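Single-letter residue listing:
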Amino acid sequence: MKHILILAANPEGTTPLRLDREVRAIDQAVRESSLRAEFQLHQRWALRPRDLQRALLEINPEIVHFCGHGEGNKGLTLEDATGQPKLVSTDALASLFSLCAEQIDCVLLNACYAEVQAKAIVTSIDYVIGMRQAVPDDIAIAFSTGFYQGIGAGQPIETAFTTGCNAIKTYSHANTASRIAPDRATYAPLPEEVQQQSFSYKDIPVLKRKTDA
């Protein structure tokens with residue numbers, strides 16, 4: 001049995017995220033997979049720093065998935081005891097995950113500008129996935145869905161990562177097509193800014209490997 005630990009935080013005063021949709025998509029992807037009996041999902045919401053350490057020690061997960069806000073060099077945004085934003089530094093995260101290096105196979109940071117944390121955590125964890133820039137909800141959900149469909153099908157981490165990236169491309173293409181208005185036998189061209197937006201997400205996720213660190 002492999003354990004997937006989902007960590008979610010959307011403190012008061014931060015931009016609202018559809019974390020419930022993302023977690024539901026992950027749960028559905030795993031439940032509908034051919035290897036669903038081999039996985040168990042655990043969820044921790046309104047995550048505080050002390051909750052993070054406790055969950056890692058209690059569950060001993062193989063995959064850790066964080067969804068929420070990232071602040072680049074400042075760290076990831078969790079919550080304090082009153083629900084207000086509480087930044088956890090990159091160094092603190094790297095130190096914490098180094099204590100679980102023998103158990104955890106992959107850390108997925110589905111948060112804006114989390115490549116900084118990915119680079120630090122991968123010094124002790126085999127695979128870490130981060131986001132290079134701001135990530136809209138629908139793109140984050142598309143990647144998560146594709147990634148866990150791959151995991152649930154028995155794909156190795158690197159292949160599941162590619163499956164997640166392909167899910168983004170598929171979503172972006174479908175979203176673009178739906179916005180093209182048919183005019184008899186022709187199609188109205190999309191405005192240039194829409195075209196750029198539709199194809200600007202292909203390189204958002206980045207996979208870090210310990211062997212490359």
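Rules and cut-offs
Residues numbered from 1 in each chain as written. Predicted model: local features only at pLDDT ≥ 70, side-chain atom pairs only at ≥ 80, totals over all residues. Heavy atoms only, no water. Core = buried A, V, L, I, M, F, W, Y, C linked by side-chain atoms within 4.5 Å. Buried < 20%, exposed > 50% of the residue type's maximum accessible area, 1.4 Å probe, protein only. Helix = DSSP H or I, 4+ residues; strand = E, 2+ residues; numbered from the N terminus. Contact = heavy atoms within 4.5 Å. pLDDT = per-residue confidence, 0-100. 1 Å grid on protein atoms, 1.4 Å probe; cavity = no way out; pocket = protein on both sides within 12 Å on 5 of 7 lines; lining within 4 Å. Points joined across faces, edges and corners; volume = space filled by probe spheres on them. Salt bridge = Lys/Arg side-chain N within 4 Å of Asp/Glu carboxyl O. Pairing = 2+ DSSP bridges. Axes fitted to C-alpha atoms, helices over the stretch in contact; angles between N-to-C directions. Expected span 1.5 Å × (residues − 1). Parallel < 35°, antiparallel > 145°, perpendicular 65-115°, else oblique. Left-handed = near helix turned anticlockwise from the far one by under 90°. Nonpolar A, V, L, I, M, F, W, Y, C, P; charged D, E, K, R; others polar.

1. Notes on the nonpolar core
The nonpolar side chains of a soluble globular protein tend to be buried with one another.
Item 1. The biggest cluster of nonpolar side chains holds 30 residues, and the ones touching the most others in it are I4, I129, V135, F143, F147, Y148 and I151.
Item 2. Among the elements of the structure, β1 (2–8), α1 (19–31), β3 (63–67), β7 (106–110), β8 (127–131), α5 (137–152) and α6 (157–178) are those that each provide at least two residues to this core.
Item 3. In terms of residue count, α5 provides more of this core than any other element does, six residues in total.
Item 4. Leave out the neighbours within four places in its chain, and F147 touches C106, L108, I129, I157, A160, F161 and G164.
Item 5. Counting residues in each nonpolar core, the second largest holds 27 residues, with L52, V88, A118 and V128 among its members.

2. What to know about unusual backbone geometry
Item 1. One non-glycine residue with positive phi stands out, namely A46, at about 50 degrees.
Item 2. Relative to the helices and strands, A46 is located in the loop between β2 (39–44) and α2 (49–59).

3. Looking at the confidence of the model for the protein chain
Interpreting fine coordinate detail is not advised for predicted regions of low pLDDT.
Item 1. Residue-level pLDDT values for the protein chain average 87, and 85% of them are 70 or greater.
Item 2. Scored below 50 in pLDDT, residues 176–199 makes 14 contacts in the model with residues more than four places away or belonging to other chains.

4. Details of empty space enclosed by the protein
Item 1. The tally for this structure, following the rule as stated, stands at two cavities of 30 Å³ or more.
Item 2. Estimated volume of the largest cavity: approximately 80 Å³.
Item 3. Around the largest cavity sit L17, L19, E22, C67, G68, H69, N110, A111, C112, V135, D137 and A140, which together line it.
Item 4. Of all the secondary structure elements, the ones that give two or more residues to the lining of the largest cavity are α1 and α5.
Item 5. The calculated volume of the second largest cavity comes to roughly 60 Å³.

5. What about the pattern of salt bridges?
Oppositely charged side chains are able to pair whenever their charged atoms sit close together.
Item 1. Counting across every chain of the model gives eight salt bridges.
Item 2. For D212, the salt bridge identified is with R209, shortest N-O distance 3.7 Å.
Item 3. D212 gets classed as exposed once you look at its relative accessible area, which sits at 56%.
Item 4. Overall, the relative accessible area of 28% leaves R209 in the partly exposed class.
Item 5. Each member of the salt-bridge network shares a partner with another, and the members are R48, D51 and R54.

6. What about the pairing of strand β6 (residues 85–88)?
Item 1. Direction of pairing for strand β5 (residues 76–79) relative to β6: antiparallel, over a ladder of four bridges. Bridge pairing links E79 to P85 in β6.
Item 2. Counted along the chain from β5 to the antiparallel partner β6, the turn is five residues long, and its residue G83 has a positive phi close to 90 degrees.

7. Focus: the sheet that holds β2
Item 1. Taken together, six strands build an open sheet; the order of strands is β2-β1-β3-β7-β8-β11 and the sheet is mixed. Each end of this open sheet is capped by a strand with a single partner; those strands are β2 and β11 (205–209). Strand-to-strand twist across the sheet, computed as the mean angle between neighbouring axes with direction ignored, equals 15 degrees.
Item 2. When β1 meets β3, the two strands line up parallel, connected through five bridges. For I6, the partnering residue across the bridge sits in β3 and is H65.
Item 3. Packed onto the sheet, α5 meets β1, β2, β3, β7, β8 and β11 and runs at close to 160 degrees relative to β7.

8. Observations regarding α5
Since there are 3.6 residues in each turn of an α-helix, residues three or four apart along the chain are aligned in direction.
Item 1. With 16 residues, α5 ought to run about 22 Å at 1.5 Å a step, and its terminal C-alpha atoms sit 22 Å apart, in line with that.
Item 2. Counting buried residues along α5, twelve of its 16 residues qualify, which places the element largely inside the surrounding structure.
Item 3. All of the buried residues along α5 are I139, A140, I141, A142, F143, S144, G146, F147, Y148, G150, I151 and G152.
Item 4. Trailing α5 by a residue or two, G154 shows a phi angle of about 90 degrees, which is positive.

9. Considering the packing of α1 against α5
Item 1. Packing of α1 against α5 brings their axes to within 8 Å, and their N-to-C directions diverge by 20 degrees. Regarding the angle of α1 to α5, the classification is roughly parallel. For the pair α1 and α5, the sense of crossing is right-handed. For the pair α1 and α5, the contacting residues are R21, E22, A25, I26, A29 and V30 in the first and A140, I141, S144, T145, Y148 and Q149 in the second.
Item 2. Split by residue class, the contact of α1 with α5 holds seven nonpolar, three polar and two charged.

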